[in-house]
Amino acid sequence: MTVHLEVAEGVGTLRLDRPPMNALDVATQDRLKELAEEAARREDVRAVVIYGGEKVFAAGADIKEMQAMDHAAMVLRGKALQDSFTAVARIPKPVVAAVTGYALGGGCELALCADYRIAGENAKLGQPEILLGLIPGAGGTQRLSRLIGPSRAKDLIFTGRQVRADEALALGLVDRVVPAGEVYAQAHAWAAKLAQGPAMALRAAKESVDTGLETDIDTGLAVERNWFAGLFATEDRERGMRSFVEEGPGKAKFL
């Protein structure tokens, strides 16, 4: 299998495993979707790390496989490609991308599906599809522009250039830069901490933010309002407020 789901301490690691560059061929895309949906369902998975290994996150699509496709084939495949990435983006739990080495094309688009991105000092990110006479097809034109703004996204998409970790941090493309050898440990620690939190409230927060970015503010506020009220029916809300009153802030245990 080219993608694995490993679970420990409430954290599910979606590990890409297609040496040497984790090229995202059709089989890998389909497996990614399958395991992302499994991670979304499983109660023992409360947060997720996306990881490609110590040397490379994912260098992009399998170009040799794509070269053999014509227009009709890609019309049929295009939605399945997007659906595999959307399955990751819609995991209703905190998701962090642990980026080492190259995250290009589909690899960059996969990192964009996470809620938070921790990159190694050796990371290089970009959307080089224009150099193939193409555009990003797995959400890059949409998620990248929402994350870093349209003009910065267009610069990366129009030129196809790669950015190193320090520039990616300045652009807002990644959220933290650490030594390459610490990327997975820090990503897992981020996820493990959130895995101890109130699962339903975290789900509500993620859905409210994501939905709000895709719609007008009034609709976004309605989503927030409905979730806010709904959480008053949860055991975690009761536990959190009781702990605050009896012990002070930040001491509630939700597991």
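Note that the structure is predicted; figures quoted are calculated from it, not measured.

(A) Layout of the packing of aromatic side chains. What the rule picks out here adds up to 3 aromatic pairs. A centroid spacing of 4.7 Å and a plane angle of 35 degrees characterise the contact between Tyr 51 and Tyr 184, whose relative ring orientation is tilted. Residue Tyr 51 is located in strand 3 (residues 47-51), and its partner Tyr 184 is located in helix 8 (residues 183-195); the two are separated by 133 residues in the primary sequence. Accessibility expressed as a relative area gives 10% for Tyr 51, which makes it buried. By relative accessible area, which is 26% here, Tyr 184 ends up partly exposed. Between Phe 228 and Phe 232, the ring centres sit 5.5 Å apart and the planes meet at 75 degrees, which makes this aromatic pair edge-to-face. Residue classification places Phe 232 among the partly exposed residues on the basis of a relative accessible area of 38%.

(B) Highlighting the layout of surface pockets. Roughly 1,100 Å³ of internal volume is contained in the largest pocket. The wall of the largest pocket is formed by 35 residues, among which Ala 89, Cys 113, Arg 143, Asp 210 and Glu 214 lie closest to the centre. Mapped by element, the contributors of at least two residues to the lining of the largest pocket are helix 3 (71-89), helix 5 (140-148) and helix 9 (199-213). Per-element accounting of the lining of the largest pocket gives the leading share, 9 residues, to helix 9. Taken together, the residues of the lining of the largest pocket break down into 15 nonpolar, 7 polar and 13 charged. As a volume, the second largest pocket reaches approximately 660 Å³. In terms of lining residues, the second largest pocket is bounded by 30 residues, among which Ala 61, Met 66, Glu 129, Leu 134 and Ile 135 are the most central. Of all elements in the fold, only helix 1 (26-41), helix 2 (63-67), helix 3 and helix 4 (106-112) reach the threshold of two or more residues within the lining of the second largest pocket. The residue inventory of the lining of the second largest pocket, partitioned by class, reads 18 nonpolar, 7 polar and 5 charged.

(C) Seen up close, the pattern of salt bridges. Using the criterion set out here, one finds 14 salt bridges in the structure. A salt bridge links Arg 161 to Asp 155; the nearest nitrogen and oxygen atoms lie 2.9 Å apart. With relative accessibility at 31%, the residue Asp 155 sits in the partly exposed group. One connected set of salt bridges, linked through shared partners, spans Arg 18, Asp 25 and Asp 62.

Parameters and conventions
Residues numbered from 1 in each chain as written. Predicted model: local features only at pLDDT ≥ 70, side-chain atom pairs only at ≥ 80, totals over all residues. Heavy atoms only, no water. Phe/Tyr/Trp six-rings, centres within 6.5 Å; stacked < 30°, edge-to-face > 60°. Helix = DSSP H or I, 4+ residues; strand = E, 2+ residues; numbered from the N terminus. Buried < 20%, exposed > 50% of the residue type's maximum accessible area, 1.4 Å probe, protein only. 1 Å grid on protein atoms, 1.4 Å probe; cavity = no way out; pocket = protein on both sides within 12 Å on 5 of 7 lines; lining within 4 Å. Points joined across faces, edges and corners; volume = space filled by probe spheres on them. Nonpolar A, V, L, I, M, F, W, Y, C, P; charged D, E, K, R; others polar. Salt bridge = Lys/Arg side-chain N within 4 Å of Asp/Glu carboxyl O.

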